[in-house]
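Spelled out from the first residue to the last, the chains are:
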Amino acid sequence: MGHPLHMHFVTSAADPDMLPPTVAEVAVVGRSNVGKSSLINALTNRKNLAHTSKTPGRTQLINLFAVDNKHDATDKALVDLPGYGFANAPAKVKASWQPMIEGYLTERESLVMIMVLIDGLVGPTKLDIQMLDWLRSLTLPHTVIATKHDKVKSSKRNARKRDLAQGCLLEEGDIVWTSAAKGVGIDRLQDLTRLWLEL
Ligand code: GDP
């Protein structure tokens, strides 16, 4: 057992400028269905903080959770960004995603780390690679988190870890492998989150 992050929901916003100020913030991005809600819930040891059953409309908001704060302070936060690449999202949703997310990621001054979630079974998709290229081009701080470790057969894990790292142009050791279902890597990610947020 690690130390779960205590989190509480603060607010949702379509416009990043409407978010309350914080001193440090970690953002989580990934394509829809990557396991983002499950991972956030695993970090906090709560089943339903980030909703795992969602409709495309409802997930197109930026959700801000305060982390480990006493007296309801909201100065350290985890920010859940809408998933990209909804297969059947309406064009309007797709068109609003990019300026919202790019605006947030480039302008949020308290942003200290971006967790880029990549499906461990599927490997990096074209959209994931685009996201990584874009983050690199702007030198925004980011860490790749592979999800669903338990879904990769143990006989295939070493090869998959190597391939996923190569696909992301990273070293294997740069990637944090996790399973929300089995608890793999969750302690480590809780520790990293505390480190990033200076908690
Ligand atoms: P989101 O759209 O990125 O928020 O993804 P969800 O957290 O809703 O997960 C998408 C699907 O993947 C759901 O059916 C989850 O149960 C499943 N899932 C998420 N994390 C894991 C995991 O660690 N292991 C397994 N086996 N399934 C997972």
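So, how was this worked out
Residues numbered from 1 in each chain as written. Predicted model: local features only at pLDDT ≥ 70, side-chain atom pairs only at ≥ 80, totals over all residues. Heavy atoms only, no water. Phe/Tyr/Trp six-rings, centres within 6.5 Å; stacked < 30°, edge-to-face > 60°. Helix = DSSP H or I, 4+ residues; strand = E, 2+ residues; numbered from the N terminus. Buried < 20%, exposed > 50% of the residue type's maximum accessible area, 1.4 Å probe, protein only. Expected span 1.5 Å × (residues − 1). Salt bridge = Lys/Arg side-chain N within 4 Å of Asp/Glu carboxyl O. Pairing = 2+ DSSP bridges.

A.B. asks: Lay out the packing of aromatic side chains in plain terms, naming residues and giving numbers.
C.D. replies: According to the stated counting rule, one finds two aromatic pairs in the structure shown. For the ring pair F9 and F65, a centre distance of 5.8 Å and an interplane angle of 65° mean the geometry is edge-to-face. Placement of F9 in strand β1 (residues 7–13) and of F65 in strand β3 (residues 62–67) is noted, with a sequence separation of 56 residues between them. On the basis of relative accessibility, which here comes to 43%, the residue F9 falls in the partly exposed class. For F65, a relative accessible area of 2% corresponds to the buried category. Judged by centre distance (5.5 Å) and plane angle (75°), the rings of Y84 and W97 are edge-to-face. One end of the pair, Y84, is in the loop between β4 (76–80) and α2 (91–107); the other, W97, is in helix α2, and 13 residues separate them in sequence. Here W97 falls in the buried class, since its relative accessible area comes to 13%.

A.B. asks: Mind laying out helix α5 (residues 186–197), listing which residues take part and the relevant values?
C.D. replies: Relative to the 16 Å expected for twelve residues at 1.5 Å per residue, α5 spans 16 Å between its end C-alpha atoms, a close match to the ideal helical length. Buried within α5 we find I186, L189, Q190, L192, T193, R194, W196 and L197. Once α5 finishes, E198 follows within two positions and takes phi at roughly 55°, a positive value.

A.B. asks: Outline the pattern of salt bridges, listing residues and values.
C.D. replies: Under the criterion given, the structure shown has six salt bridges. Measuring nitrogen to oxygen at the nearest pair gives 3.2 Å for the salt bridge that ties D119 to R31. With D119 in strand β5 (residues 111–119) and R31 in the loop between β2 (24–29) and α1 (36–44), the pair connects residues that are 88 residues apart, well separated along the chain. Judged by its relative accessible area of 4%, D119 is buried. Here D80 and K36 are joined by a salt bridge, their closest N and O atoms 2.4 Å apart. Here D80, found in strand β4, pairs with K36, found in helix α1; they are 44 residues apart in sequence, far enough to count as distant.

A.B. asks: How would you explain the pairing of β5 if you had to name every residue and give the values?
C.D. replies: Most of β5 sits inside the fold, with eight of its nine residues counted as buried. Judged from the five bridges that link them, β2 and β5 form a sheet pairing that is parallel. Looking at β5, one finds that V28 is bridged to M115. Where β5 and strand β6 (residues 142–147) come together, six bridges link them in parallel fashion. Residue pairing in the sheet places V116 in a bridge with V144 of β6.

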